[in-house]
Amino acid sequence: MSQAQPQKDLDQLSIDTIRTLSIDAVQKANSGHPGAPMGLAAVAYTLWQRILKYDPANPLWPNRDRFVLSAGHASMLLYSILHLVGVKDADENDKILDKPAVSMDEIKRFRQLDSKTPGHPESHFTTGVETTTGPLGQGAANSVGIAIVSKFLGAKYNRPGFDLFNFNVYAICGDGDMMEGVCCEAASLAGHLKLSNLCWIYDNNSVTLDGPAKWSLDEDVMTRFLGYKWNVLRVPDANSIPMLENAYHSFLRTDDKPTLIVVDSHIGYGSPHKQDSSDSHGEPLGEEEVKLVKKFYGWPEDAKFLVPDGVYDHFKNGIGKRGGEAHSAWVAKYGDYKKQFPELADQLEKIQKWQLPNGWDKDLPTFPADAKGMASRDSSGKVLNALAKNIPWLIGGSADLAHSNKTNLTFEGAGDFFPGEYGGRNLHFGVREHAMGAAVNGMSVSRLRAYSATFFNFSDYMRPAMRLAALMETPSIFIFTHDSIGLGEDGPTHQPIEQMAALRAMPNMIVLRPGDANEVVEAYRVIMGLRHQPVSLVLTRQPMPTYDRTKYAPASGVAKGAYVFADAEGGKPDVILMGTGSELHLCVEAYEQLKSEGIKARVVSMPSWELFEAQDAAYRESVLPAGVTARVSVEMATTFGWERYVGPKGEMIGMHRFGASAPIKDVLKKFGFLTENVVAAAKKVLGK
């Protein structure tokens, strides 16, 4: 039985336990960042123990406050907290398990293979980690998306007497976050939207990895955030619980803007030789320094991974009791809500379970055959609107290009997400592509089906956020239009060349480039079924034919990534023509011409390499039989990667340089995207 200790002693004892667990874990791993947890222990302790609305026994409670460690290098700060407060683990089906999310054994296995305590926090790996952080600025930008979700759910689902959704979002940021462009974009967006439920805590320790922060940062960050229309506070002592608590309460009283709390801290606090030095940032303190630090804390110098008597109970009686009571009250209120608003409750339960509403795909358009056809951005807009009517939690927007991307939701009641008007489905991200991608990730980890949109060339501005979506296995939807040199006059600055290959190289990212309007419909069917993979939907500005599916194969083949679109008589082709997107029609026209000349060809539509590679060997062989080595690929992008499909005897028609500014017909002719060239390539690989 733990002996009762005075409150002041337990506060300090708990703070120093956070510090020493972090120090010991980094030292044992011989790798990590001990300085920030040492400096921020009281900041995190005060937030979790005194402020945070969070139930450790149910870390997936929908209305829990969210804590985001944007300064992900300080991961041991979070792991120590998760361990000490007793956060329960959850399985992949969200079942709460009777075991800790972060056990002491996992603390001791910090940064080791397959541990729950990787070097930077990973949300799909460790329960209690709300979003994957590490690349600076990403967590802060994610937190904006999470705060948007709280506002949206509150506006859409709260009812008089039933304030079900009002959770706050707290993010710890460092100097590196403040310097990253994505963080600046996200702060600007949050201030514009007046996200009063968002609090960033700036660890102002004046040190970066290379040395003093003043070597690279001397601006007035507080004034910058005032310009972003934030509430800005300062805590001059990171170890003062009363000061910290006052600042947190000031945030809670602010109802018209987000809050930045600038906390003056000492990196490596308590280290006689490394406090306030970059030496405590990115490497262990060393055994002798650890002993000196522990002596400063009044800690047993040789004790390792010590949790003194009373500390676990202190957290249990603090956040554990407070959070458990808040959660229980919410559950009781939700039970009454469910009786009064069963349809809304059903939607909320489906959101939490990653399920779709019954009839989610009703009224999806079927596009008639049309030689002129339409741009896939246009068909996408029609499908997106049909889906959003049926899926009330499908929400998103564009980086100031919604009319070009065709991503505006235009049906009655869709509405706009504006400052103070948080029930709308159309988000206006402004020209902030990187923050848009990161915010969509924050919305996705909060279980809305969220999408972003911009020109494909600007995926380069979003790539870090997209990579994290793939890493954390969240189904973010990234819509890209103006997908090739086919956009013509805007020229090479706007014409994507290497972006397709770059995204195909990204693990766990699904890339879809549909070849006509009905392939767009089927692409969205795939997208809405995803739970653990993000998707990049790549669409044209220029029109392309809509095919007669009584003559050619059904577009449902998109679900398998590639399918036989048109075949030689008897299903035994001499040559295979492969295309994606707007180049599918070149393959089809070449197929028809070759057929008229007695040459047996097959057209394979390949909208998604990733989905195709996920099929079994028998299916892949049925589409691309190994015995047919005469193959031609056609895509208005770099040919990099196509060699895996065309083989050593095949031909690749693609881009080998940047594009050009001219009308589309002239551009396509210049770079050889003509039916006659596909025919010639087919004959070449056949030796004719």
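Thresholds, definitions, all that
- Residues numbered from 1 in each chain as written.
- Predicted model: local features only at pLDDT ≥ 70, side-chain atom pairs only at ≥ 80, totals over all residues.
- Heavy atoms only, no water.
- Salt bridge = Lys/Arg side-chain N within 4 Å of Asp/Glu carboxyl O.
- Buried < 20%, exposed > 50% of the residue type's maximum accessible area, 1.4 Å probe, protein only.
- Pairing = 2+ DSSP bridges.
- Helix = DSSP H or I, 4+ residues; strand = E, 2+ residues; numbered from the N terminus.
- Axes fitted to C-alpha atoms, helices over the stretch in contact; angles between N-to-C directions.
- Contact = heavy atoms within 4.5 Å.
- 1 Å grid on protein atoms, 1.4 Å probe; cavity = no way out; pocket = protein on both sides within 12 Å on 5 of 7 lines; lining within 4 Å.
- Points joined across faces, edges and corners; volume = space filled by probe spheres on them.
- Nonpolar A, V, L, I, M, F, W, Y, C, P; charged D, E, K, R; others polar.
- Disulfide = S-S within 2.5 Å.
- Parallel < 35°, antiparallel > 145°, perpendicular 65-115°, else oblique.
- Left-handed = near helix turned anticlockwise from the far one by under 90°.

Visitor: Could you give an account of the pattern of salt bridges, with specific residues and numbers?
Guide: Counting across every chain of the model gives 27 salt bridges. The salt bridge partner of Glu-106 is Arg-109, with a shortest N-O separation of 3.4 Å. Given the relative accessible area of 15%, Glu-106 is considered buried. Within this structure, Asp-11, Arg-50 and Glu-245 form a network of salt bridges that share partners.

Visitor: Would you mind going over the sheet that holds strand 4 (residues 169-173) in detail, with residue names and values included?
Guide: Ordered by their spatial adjacency, five strands build an open sheet running 1-4-5-7-6, and the pairing between neighbours is parallel. Each edge of the open sheet carries a strand with a single partner, namely strand 1 (66-69) and strand 6 (231-235). Strand-to-strand twist of the sheet, defined as the mean angle between neighbouring strand axes without regard to direction, takes the value 20°. Here strand 1 pairs with strand 4 via four bridges, running parallel. In the sheet register, Val-68 faces strand 4, and the bridge partner there is Ala-171. Strand contacts of helix 5 (residues 138-157): strand 1, strand 4 and strand 5 (198-204), with the helix running at about 165° to strand 5, the strand carrying the most contacts.

Visitor: How would you explain the layout of surface pockets if you had to name every residue and give the values?
Guide: The calculated volume of the largest pocket comes to roughly 800 Å³. Around the largest pocket, the lining is made up of 32 residues, and of these Leu-60, Asp-94, Ser-123, His-124 and Arg-447 lie nearest the centre. Of the residues contributing to the lining of the largest pocket, the split by class is ten nonpolar, ten polar and twelve charged. The set of elements that each furnish at least two residues to the lining of the second largest pocket consists of helix 11 (311-340) and helix 12 (342-352). Examining the composition of the lining of the second largest pocket, we find that four residues originate from one element, helix 11, more than from any other. Taken together, the residues that form the lining of the second largest pocket break down as nine nonpolar, four polar and five charged.

Visitor: Can you lay out unusual backbone geometry for me, pointing to particular residues and giving the numbers?
Guide: In this structure, Asn-30 is a non-glycine residue whose phi angle is positive, near 55°. The exposure class assigned to Asn-30 is exposed, which follows from its relative accessible area of 59%. Positive phi, close to 55°, is recorded for Phe-305, a residue that is not glycine. Among the structural elements, Phe-305 can be located in the loop between helix 10 (287-297) and helix 11. Residue Phe-305 is classed as buried on the basis of its relative accessible area, which comes to 13%.

Visitor: Break down the state of the cysteines for me, with residues and values.
Guide: Applying the stated criterion to the full structure yields zero disulfides. Take Cys-173: it sits in no disulfide, and the sulfur closest to it among the cysteines is that of Cys-183, at 5.2 Å. A residue is classified by how much of its surface remains accessible, and Cys-183, at 1% relative accessible area, is buried.

Visitor: Go over helix 3 (residues 75-85), please, and point to the residues and values.
Guide: Counting buried positions over the eleven residues of helix 3 gives eleven, a clear majority of the element. Regarding helix 3, the residues found buried are Ser-75, Met-76, Leu-77, Leu-78, Tyr-79, Ser-80, Ile-81, Leu-82, His-83, Leu-84 and Val-85.

Visitor: Go over the pairing of strand 11 (residues 449-455) with me, naming the residues and quoting the values.
Guide: Summarising burial for strand 11: seven of the seven residues are buried, a large majority. Relative to strand 12 (residues 477-481), strand 11 is paired through five bridges, and the arrangement is parallel. In the sheet register, Ala-453 faces strand 12, and the bridge partner there is Ile-479.

Visitor: With reference to specific residues and values, describe the sheet that holds strand 14 (residues 535-538).
Guide: The strand order across the open sheet formed by six strands is 10-9-11-12-14-13, and the pairing between neighbours is parallel. Edge positions in the sheet fall to strand 10 (426-428) and strand 13 (510-512), since each of these pairs with one other strand and no more. Between one strand and the next, the sheet's axes are offset by a mean angle of 20°, whatever the strand orientation. Across four bridges, strand 12 lies against strand 14 in parallel orientation. Counted as the bridge partner of Phe-480 is Val-538 from strand 14. Taken strand by strand, helix 16 (residues 459-471) contacts strand 11, strand 12 and strand 14, and its axis lies near 160° from that of strand 12. Lying on the sheet, helix 18 (residues 517-529) is in contact with strand 11, strand 12, strand 13 and strand 14; it crosses strand 14 at an angle near 165°.

Visitor: Let's hear about the environment of Pro-308: which residues, and what values?
Guide: Within the fold, Pro-308 resides in the loop between helix 10 and helix 11. We classify Pro-308 as buried; its relative accessible area is 13%. Pro-308 sits 295 residues away from Leu-13 along the chain, and the two C-alpha atoms are 7.7 Å apart. When near neighbours in sequence (up to four residues on either side) are disregarded, Pro-308 contacts Leu-13, Thr-17 and Trp-299.

Visitor: Run through the packing of helix 19 (residues 584-596) against helix 24 (residues 675-685), naming residues and quoting values.
Guide: Two packed helices can be described by the angle between their axes and the distance between those axes. Relative to each other, helix 19 and helix 24 sit at 60°, their axes nearing to 8 Å. Between helix 19 and helix 24, the angle is such that the two are oblique. Regarding helix 19 and helix 24, the two cross each other, and that crossing is right-handed. Contacts between helix 19 and helix 24 involve Leu-586, Glu-589, Ala-590, Gln-593 and Leu-594 from the former and Thr-675, Val-678, Val-679, Ala-682 and Lys-683 from the latter. Here the contact of helix 19 with helix 24 is built from residues that sort into six nonpolar, two polar and two charged.

Visitor: How would you summarise the packing of helix 2 (residues 35-51) against helix 11 if you had to cite specific residues and measurements?
Guide: Contact geometry for helix 2 and helix 11: axes closest at 7 Å, N-to-C directions at 60°. Classified by the interaxial angle, the pair formed by helix 2 and helix 11 is oblique. Mapping the contact onto sequence places Tyr-45, Trp-48, Gln-49, Arg-50 and Ile-51 in helix 2 and His-314, Phe-315, Gly-318, Ile-319 and Arg-322 in helix 11. A class-by-class count of the residues in the contact of helix 2 with helix 11 yields five nonpolar, three polar and two charged.

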